[in-house]
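Geometric and topological summary
So the chains spell out like this:
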Amino acid sequence: MKPATPEMLNREVNSPSYTFSFFDEAFLSKDELRAVRLQLEMMKPELSLKEAGIENTIAIFGSARTLEPDNAKLTITKLERCLIDQPDEPKLLEQLRHARRQLRQAKHYTQAYELAQAIYSHPKLIEQRVHVVTGGGPGIMEAANRGADDLGMKSIGLNIELPFEQAPNPFITPELCFRFHYFAIRKMHFLIRTKGVIVFPGGFGTLDELFETLTLIQTKKISPIPIILFDEDYWKGLINFNLLIEEGMIQPEDLKLFTYANNVHHACEVIASQF
């Protein structure tokens, strides 16, 4: 009978099957382990937020594509310089139209920044130790996290792994910046501690977050919380809620699930009034 050699022992130790299951990325990535991954995504932020003593949050949703005003102005300046030499270039003219639209929308970046600062400065919300939570990306999310950071306050970012747009903005409190693979678990974390939702203009992702929240309240899956649609003209132009009533798709009282706001003070007072 041949004795075991060091090479033989190393062969077993180095085998993937010998790796601890919780260190084995290939094992954890299997389809059959999806339920475990969902639970891990649920528990990691949950435990971290509890350890940080965060119980009340205000969620701020909005477009990742909204630019900071100075950046929007800089883009226009660069395009206008290019058009001096190529005044009829179609691509440059289209880019300039788009840049001017982005500059018009950039006011929302400033308002989201100011709103976050108003939340952290409001006596009632200070008393309740409210923290701002965003999707952690650029645009409106960055503005809100930045408003908190400039006051030296902590804020939360729930970042989602995407092939474009989404990377953590630099203004999230590092220990409160979380990365998600599953949209469903991320949206649960938005609402677990949230005492109000403020929705700035945005696209598909923002609409998804808005209607998820409206549906959960309408169906009594969560307790009612203030839902504020910021910039009334945008939202009324985008969604014809009256048509939904006329067609019997929702009840007239469902319109009471949300309210509009056009300025930072109004939005902040609506949130604070529930405490």
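First, a word on what this report is: a plain description of the structure on this page.

The end-to-end C-alpha distance of helix α5 (residues 90-105), which contains 16 residues, comes to 23 Å, matching closely the 22 Å that a straight helix rising 1.5 Å per residue would cover. Every buried residue belonging to α5 is among Leu92, Leu96, Ala99 and Gln102, and all of these are buried. Viewed end-on, α5 has its buried residues packed into an arc of 120 degrees, placing them on one side of the element. Along α5, exposed side chains directed more than 90 degrees from the buried face belong to Pro90 and Arg104. Buried residues belonging to α5 abut α4 (69-85).

The subject of this paragraph is the side chain of glutamate 142. If you trace the backbone, glutamate 142 turns up in helix α8 (residues 140-150). In this view, glutamate 142 contacts Tyr109, Gly137, Asn169 and Phe171; residues no more than four positions away in its chain are not counted.

Along the chain, arginine 37 turns up in helix α3 (residues 34-51). One buried charged side chain, arginine 37, makes no salt bridge at all; its nearest oppositely charged neighbour is aspartate 31, positioned 5.0 Å away. Not counting residues within four places of it along the chain, the set of residues in contact with arginine 37 comprises Leu28, Ser29, Lys30 and Tyr182.

This paragraph deals with the pattern of salt bridges. The final tally for this structure, using the stated rule, is 11 salt bridges. Where lysine 50 meets glutamate 46, a salt bridge forms, and the shortest distance between an N and an O atom there is 3.7 Å. On the criterion of helical spacing, the pair formed by lysine 50 and glutamate 46 is a turn pair, its members being 4 residues apart in helix α3. Residue classification places lysine 50 among the exposed residues on the basis of a relative accessible area of 55%. Taking the relative accessible area as the measure of exposure, glutamate 46 reaches 13% and is therefore buried. Linking glutamate 175 and lysine 154 is a salt bridge whose minimum nitrogen-to-oxygen distance equals 3.5 Å.

Reading across the sheet, the 7 strands line up as β4-β3-β2-β1-β5-β6-β7 and stay open at both edges, with parallel pairing between neighbours. Bordering the open sheet on either side are β4 (177-180) and β7 (259-261), each of which pairs with just one other strand. On average, each strand axis in the sheet is inclined to that of its neighbour by 25 degrees, with strand direction left out of account. Each of β1 (56-61), β2 (130-134) and β3 (156-160) touches α8; the most contacted strand, β2, lies at about 155 degrees to it.

Rules behind the numbers
Residues numbered from 1 in each chain as written. Predicted model: local features only at pLDDT ≥ 70, side-chain atom pairs only at ≥ 80, totals over all residues. Heavy atoms only, no water. Helix = DSSP H or I, 4+ residues; strand = E, 2+ residues; numbered from the N terminus. Expected span 1.5 Å × (residues − 1). Buried < 20%, exposed > 50% of the residue type's maximum accessible area, 1.4 Å probe, protein only. Arc of directions from axis to C-beta. Contact = heavy atoms within 4.5 Å. Lys, Arg positive; Asp, Glu negative; His and termini not counted. Salt bridge = Lys/Arg side-chain N within 4 Å of Asp/Glu carboxyl O. Pairing = 2+ DSSP bridges. Axes fitted to C-alpha atoms, helices over the stretch in contact; angles between N-to-C directions.

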